[in-house]
Amino acid sequence: MHTGLKDTSTSQIRKPGNRCSRAVLDSIRRTKRTAEGCAWGHSLDSFFCATAADEENYSWTDVWTTSVLEELGVLNSDGKPAPREPVMRARNPWPVVEIPRDGDSSPSLGDVDPGSDHEDSNEGPVIACQPWPRDAAASAEPAITHADDPFQIDGFPKLEEFIPSQYLPRVLCIHDPDGRVSGTESADTVHYRRIYPGLNFDSQDHKSLPTDCADSGHLYLTRQSRVGCGHHSNVYRASLRLPAPASKTQTSVVAKVAVPRREAREFLHHEAATYNAFPEHLAQEFCGYALVPGLKYPVPVGKVVPNFFGYYIPDGAGYDAGDIAAPSPILLLEDCGGPIDPQNLSHDNKAECFSLFLRLHLSGFLQKSAFKKNILVQPGPLTVPPANRSLQSPNFRIIDFGRAMQRPRGNQKEWLDEKETEVKEVQRVLRIPRHSMC
């Protein structure tokens, strides 16, 4: 459970004279925090309910972390300093893409997470991961070759890693025999170019790109692989082969395609621009727990949104985004499972789902489409091979940002009103009783 907060005696944290000095207040400000500014602790034992007093002897109760006590030099009962808390670090999902290193500055891809230190020592054993199997025969996943049918996505591992933009396709060759993007059945391959993440286009880049270049990827799409549909888009599970040097593995991703309406194209473009604007930490999982403003107790620091693998439009100088007869743009995302059923969620699960929206708000974004179909769950933890995952360690994510709102720099009234509305709507969707968590 995530509800236990230990009490720290007043004498431990007050200075002589029953006053809280400026040094104490500075220590609170210097506590370890997540990228959103939430107080962070390596385990549930890192959080304390503490009573303090200011220089006017006005007392209050707050939640402090071990890092605050470290800053204050608080001693254990044996008179010795408490062990220093580990650093907060991002946790790697089980790797399926391996990138050869080219010096120390190369992005880290293909590394197994050093250990599952997400769990508290009282909640279960640490899961030790084995090194990346260089021999395909020793891999936990079945060996996949390009000779296999790329349209049969069953068996292809899900792409769950963050892929730096230099390894994403600049040109995407979409194999679409059923016309999922073009609207007409054709055996021809449709060539797309990447818009997001940006490429610093010059005037030549807006012309047709060479389709046999080294940074071309391949996406395989069929009508049978559709996993969702809505008023503005259809969602498919598709197989993706990244460009070299990451092209050794065929992977599974989610492809989102707009229906042939101008409004649908606008929603898809807005969603892609929102994913492109998200800070990187929203798609990262971190060890430990965070005390998120709006919740009474710490929650895991999981991923908030899916990984973003690019937004692509049909290649060619004559493409008109407003022409609904033209092939649809396409958005590639991480496959994060299926919709939640709030009736089957524990109190802790609901708190974790609620925290994702609160952390999204702290990062400057509103989702503005808070339905249970837009909160996904899948077995976890993602640091271990898929065969070892379970819904006993669920992984949650928020999706669908076609109506998302970014915090404005000027007048904040609309933002604050919309945020309050979304908080209430999320509580309703998750069936959270009023004041039970916040």
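Fair warning: this is a prediction, and the values are worked out from it, not measured in the lab.

Conventions adopted
Residues numbered from 1 in each chain as written. Predicted model: local features only at pLDDT ≥ 70, side-chain atom pairs only at ≥ 80, totals over all residues. Heavy atoms only, no water. Helix = DSSP H or I, 4+ residues; strand = E, 2+ residues; numbered from the N terminus. Buried < 20%, exposed > 50% of the residue type's maximum accessible area, 1.4 Å probe, protein only. Contact = heavy atoms within 4.5 Å. Areas by Shrake-Rupley, 256 points an atom, 1.4 Å probe, with all protein chains shown as cover. Polar contact = N/O pair within 3.5 Å; in protein donor to acceptor, adjacent residues only side chain to side chain. Axes fitted to C-alpha atoms, helices over the stretch in contact; angles between N-to-C directions. Parallel < 35°, antiparallel > 145°, perpendicular 65-115°, else oblique. Left-handed = near helix turned anticlockwise from the far one by under 90°. Nonpolar A, V, L, I, M, F, W, Y, C, P; charged D, E, K, R; others polar. Salt bridge = Lys/Arg side-chain N within 4 Å of Asp/Glu carboxyl O. Pairing = 2+ DSSP bridges. Phe/Tyr/Trp six-rings, centres within 6.5 Å; stacked < 30°, edge-to-face > 60°.

Asks: Would you mind going over the overall build of the protein with me for this structure?
Replies: If you tally the helices and strands in the protein, you get six helices and 20 strands. Out of the 438 residues in the protein, the part that is buried amounts to 50%. Considering only intrachain contacts with a sequence separation of at least 6, the fraction spanning at least 24 residues in the protein is 71%. Counting every atom, the protein has about 20,900 Å² of accessible surface; 50% of that belongs to carbon and sulfur.

Asks: Can you walk me through the side chain of Asp335 in this structure?
Replies: Mapped onto the elements, Asp335 comes out in the loop between β15 (330-333) and β16 (338-339). Polar contacts involving the side chain of Asp335 include one to the side chain of Arg237, which spans 2.6 Å. Not counting residues within four places of it along the chain, the set of residues in contact with Asp335 comprises Lys158, Arg237, Val254 and Gln378.

Asks: Sorry if this is basic, but what is going on with the packing of helix α5 (residues 347-362) against helix α6 (residues 413-430) here?
Replies: To describe two helices that pack against each other, one gives the angle between their axes and the distance between the axes. Running from N to C, α5 and α6 cross one another at 165 degrees; their axes reach a closest spacing of 10 Å. As judged from the angle between their axes, α5 and α6 are roughly antiparallel. Crossing hand, α5 versus α6: right-handed. Contact with α5, carried on its side by Lys350, Cys353, Phe354, Phe357, Leu358 and His361, involves Trp415, Lys419, Glu422, Val423, Val426, Gln427 and Leu430 of α6 and no other residues of that element. Here the contact of α5 with α6 is built from residues that sort into eight nonpolar, two polar and three charged.

Asks: How do you make sense of the pattern of salt bridges when you look at a structure like this?
Replies: For side chains of opposite charge, pairing can occur when their charged atoms come near one another. The tally for this structure, following the rule as stated, stands at 13 salt bridges. Of the charged contacts, one joins Asp178 and Arg223 as a salt bridge, the two residues approaching to 3.6 Å between their closest N and O atoms. One end of the pair, Asp178, is in the loop between β6 (171-175) and β7 (189-196); the other, Arg223, is in the loop between β8 (216-220) and β9 (226-229), with 45 residues separating them in the sequence. Measuring nitrogen to oxygen at the nearest pair gives 2.8 Å for the salt bridge that ties Glu271 to Lys256. Placement of Glu271 in helix α4 (residues 262-277) and of Lys256 in strand β11 (residues 250-258) is noted, with a sequence separation of 15 residues between them. Note on Glu271: relative accessible area 2%, which makes it buried. Three or more residues are tied together by salt bridges with common partners; here these are Lys256, Glu271 and Asp400.

Asks: Sorry if this is basic, but what is going on with the sheet that holds strand β18 (residues 375-380) here?
Replies: Each strand in a sheet pairs with another by means of backbone hydrogen bonds, the pair being arranged parallel or else antiparallel. One open sheet accounts for three strands, arranged β16-β18-β19; its pairing is antiparallel. Looking at the sheet topology across the chains shown, the edges are occupied by β16 and β19 (390-398). With two bridges connecting them, β16 and β18 associate as antiparallel partners. Across the sheet, the residue bridging to Pro339 is Leu376, located in β18. Along the sheet, α5 makes contact with β18 and β19, crossing β19 at roughly 20 degrees.

Asks: Would you mind showing me how to read the packing of aromatic side chains here?
Replies: Aromatic rings in a pair are described by how distant their centres are and how their planes are angled relative to each other. Inspection of every chain in the model, using the stated rule, returns seven aromatic pairs. For the ring pair Tyr275 and Phe401, a centre distance of 5.4 Å and an interplane angle of 85 degrees mean the geometry is edge-to-face. One end of the pair, Tyr275, is in helix α4; the other, Phe401, is in the loop between β19 and β20 (405-406), with 126 residues separating them in the sequence. For Phe401, a relative accessible area of 0% corresponds to the buried category. Each ring, one from Phe278 and one from Phe365, has its centre 4.8 Å from the other, and the planes form 75 degrees; the classification is edge-to-face. Residue Phe278 is found in the loop between α4 and β12 (285-291), and its partner Phe365 is found in strand β17 (residues 365-366); the two are separated by 87 residues along the sequence.

Asks: In this structure, what is going on with the environment of Asn395? I would like to understand it.
Replies: Examined against the element boundaries, Asn395 turns out to sit in strand β19. The spatial distance from the C-alpha of Asn395 to the C-alpha of Pro379 is 6.1 Å, given a sequence separation of 16 residues. The contact partners of Asn395, leaving out residues within four places of it in the chain, are Leu376, Val377, Gln378 and Leu382. Within the structure, the side chain of Asn395 is placed 2.9 Å from the side chain of Arg397, a separation counted as a polar contact.

Asks: Explain the pairing of β8 here, please?
Replies: Looking along a regular strand, one sees the side chains alternate between the two faces of the sheet. Counted residue by residue, β8 has four buried out of five residues, so it is predominantly covered. In this structure, β6 lies alongside β8, joined through five bridges in parallel fashion. For Val171, the partnering residue across the bridge sits in β8 and is Ser216. As judged from the three bridges shared by β8 and strand β10 (residues 233-241), these two strands associate in the antiparallel manner. Residue pairing in the sheet places Leu219 in a bridge with Leu240 of β10.

Asks: Looking at this model, I keep getting lost on the environment of Pro260. Mind explaining?
Replies: The residue Pro260 is located in the loop between β11 and α4 in this model. Counting along the chain gives 28 residues from Pro260 to His232, while the straight-line C-alpha distance between them is 8.4 Å.

Asks: Quick question: what am I supposed to make of unusual backbone geometry here?
Replies: Residues apart from glycine generally show negative phi values, whereas peptide bonds are mostly found in trans. The omega torsion across Ala244 and Pro245 is 10 degrees, close enough to zero to call that bond cis. Relative to the helices and strands, Pro245 is located in the loop between β10 and β11. Located in the positive-phi region is Lys368, a residue other than glycine, with phi close to 65 degrees. The residue Asp400 is not glycine, and still its phi comes out positive at about 70 degrees. Relative to the elements of secondary structure, Asp400 occurs in the loop between β19 and β20.

Asks: For this particular structure, what's the right way to read the environment of Tyr312?
Replies: Tracing the sequence through the fold places Tyr312 in strand β14 (residues 308-314). Each C-alpha atom of the pair Tyr312 and His269 lies 9.8 Å from the other, and the pair is 43 residues apart in sequence. Once residues within four sequence positions are removed from consideration, Tyr312 is found in contact with Leu168, Pro169, Leu172, Tyr192, Arg193, Arg194, Pro329, Ile330 and Leu332. In terms of polar contacts, Tyr312 uses its side chain to reach the backbone carbonyl oxygen of Phe309, at 2.9 Å.

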